[in-house]
Amino acid sequence: MRDISQIKRIIVKVGSSSLCDANGQINKEKTLNIISQIATLHRRGYMVVLVSSGAVASGMGIMGLDHKPSTLPKKQALAAIGQAHLMEIFEELFAIYNMKCAQILLTHDDFDDRKRLLNMFNTINALSEYGVIPIINENDALATDEIKVGDNDTLSALMVPVVEAQLLILVSDIDGLYTANPQIDENAKFLSYVDKVDKKIMSYAGDAGSAIGTGGMTTKLKAAKMVNAFGTHMCIVNGNKENAIVNALVDEGTWFNGSKGKSMKARPHWIAYRSKAKGSITVDDGCKNAIVNHHRSLLPGGIVDVDGHFTHGQVVDIIDLQGRKIARGISNYANEEVRLIKGLKTSQIESVLHHNDYDEVIHANNIVIMEEEK
Ligand code: GLU
């Protein structure tokens, strides 16, 4: 059963395939189909935030290119060209419904900084008070690998706590989740309701990018995990179907139940899902056991290696000897300091660093165990 009783704020994420023709040109009829449904939700009293892809695709269309250029500056230039065009079309189509829209472009850095997060929250609320639809995309014209989110399924999931949305609708060109790739397996079954994204559900996505019929499904399922842990529902619908977005509230697509996840507090949720790890700390088996099974702090003695550049207060991945990510946490020390004290006893920290601000490299309260390890 889809429980929609608590839903007031909805994020709708639209992929390029739901806005563009095969040649990358923005198709106004397709786009209008999306906008008209957002207008319906808006009229029904829901606050709607739109996360829209299509900047690069539309830039390619305008420049008459049939494949993406290989250099970063050219891709970024196309995003800049396309984003402006995209917004022009959105403005024109929203005006049909007497609605206005606004553009917000983000990178992952904006989610790592508490002040910017608060700013984003305030801006979105002010837009909502004006009755204006915020349209969000990655700032593709400026984002480099180190600071970018990379895909809009993840970007829209990151927006859930900022918008305080109770539902995220991913509009794609697939019907939802199947138990296997329906294009190659005739026994593939469609799932209209997923209670919890566990290992079995994850396995239905196949290897990322390999299964045609479930393209991008791994990212979508990770997004579901992230938002469900925050207590938010998610639904994947096929944008090519009539009224699919509005009908997500009834029976369309695959619904991922979020009502079980409310127990995860904001800080562990931020550590586990929304922050970007700036480095990693590899630990031995004894340390792994203490962290995973006894919820202990990470002490220098169990550390065998350290990677990346991080400072005090930044998030790092905790890795086991097999290279598996077992947990994430907020480090009390910078990477250079961790390198100097790794393998040592806590009592030796001071003699090496000439200060001993913390006994733990990561305190147990700032560690979140990865779901697979529980
Ligand atoms: N931000 C990209 C664009 O607007 C799309 C990313 C995605 O589709 O996931 O072109």
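Residues numbered from 1 in each chain as written. Predicted model: local features only at pLDDT ≥ 70, side-chain atom pairs only at ≥ 80, totals over all residues. Heavy atoms only, no water.

### Quick notes on the pairing of strand β14 (residues 325-330)
Here is step 1 of the chain: Of all 6 residues in β14, 5 are buried, a share of seventy percent or more.
Here is step 2 of the chain: Two strands pair when backbone bridges link them, and strand β13 (residues 315-319) and β14 are joined in this way by 5 bridges, in the antiparallel orientation. Across the sheet, Asp317 pairs through a bridge with Arg328, a residue of β14.
Here is step 3 of the chain: The turn linking β13 back onto β14 is made up of 5 residues, and Gly323 within it adopts a positive phi angle of 85°.
Here is step 4 of the chain: Sheet analysis places β14 next to strand β15 (residues 367-369), joined by 3 bridges and oriented antiparallel. For Ala327, the partnering residue across the bridge sits in β15 and is Ile369. (Buried < 20%, exposed > 50% of the residue type's maximum accessible area, 1.4 Å probe, protein only. Helix = DSSP H or I, 4+ residues; strand = E, 2+ residues; numbered from the N terminus. Pairing = 2+ DSSP bridges.)

### Observations regarding the sheet that holds strand β9 (residues 233-238)
Here is step 1 of the chain: Within the open sheet, the 8 strands sit side by side as β3-β4-β2-β1-β5-β9-β10-β8. Their pairing is mixed. Two strands bound the open sheet, and with one partner strand each, they are β3 (101-106) and β8 (193-194).
Here is step 2 of the chain: As paired strands, β9 and strand β10 (residues 254-256) are joined by 3 bridges and run antiparallel to one another. Along β10, the bridge assignment pairs Met234 with Phe256.
Here is step 3 of the chain: Seen against the sheet, helix α1 (residues 28-43) touches β1 (9-14), β2 (47-52), β4 (133-138) and β5 (167-172) and runs at an angle of roughly 155° to β2.
Here is step 4 of the chain: Relative to the sheet, helix α6 (residues 152-163) contacts β1, β2, β3, β4 and β5, its axis offset from that of β1 by approximately 165°. (Contact = heavy atoms within 4.5 Å. Axes fitted to C-alpha atoms, helices over the stretch in contact; angles between N-to-C directions.)

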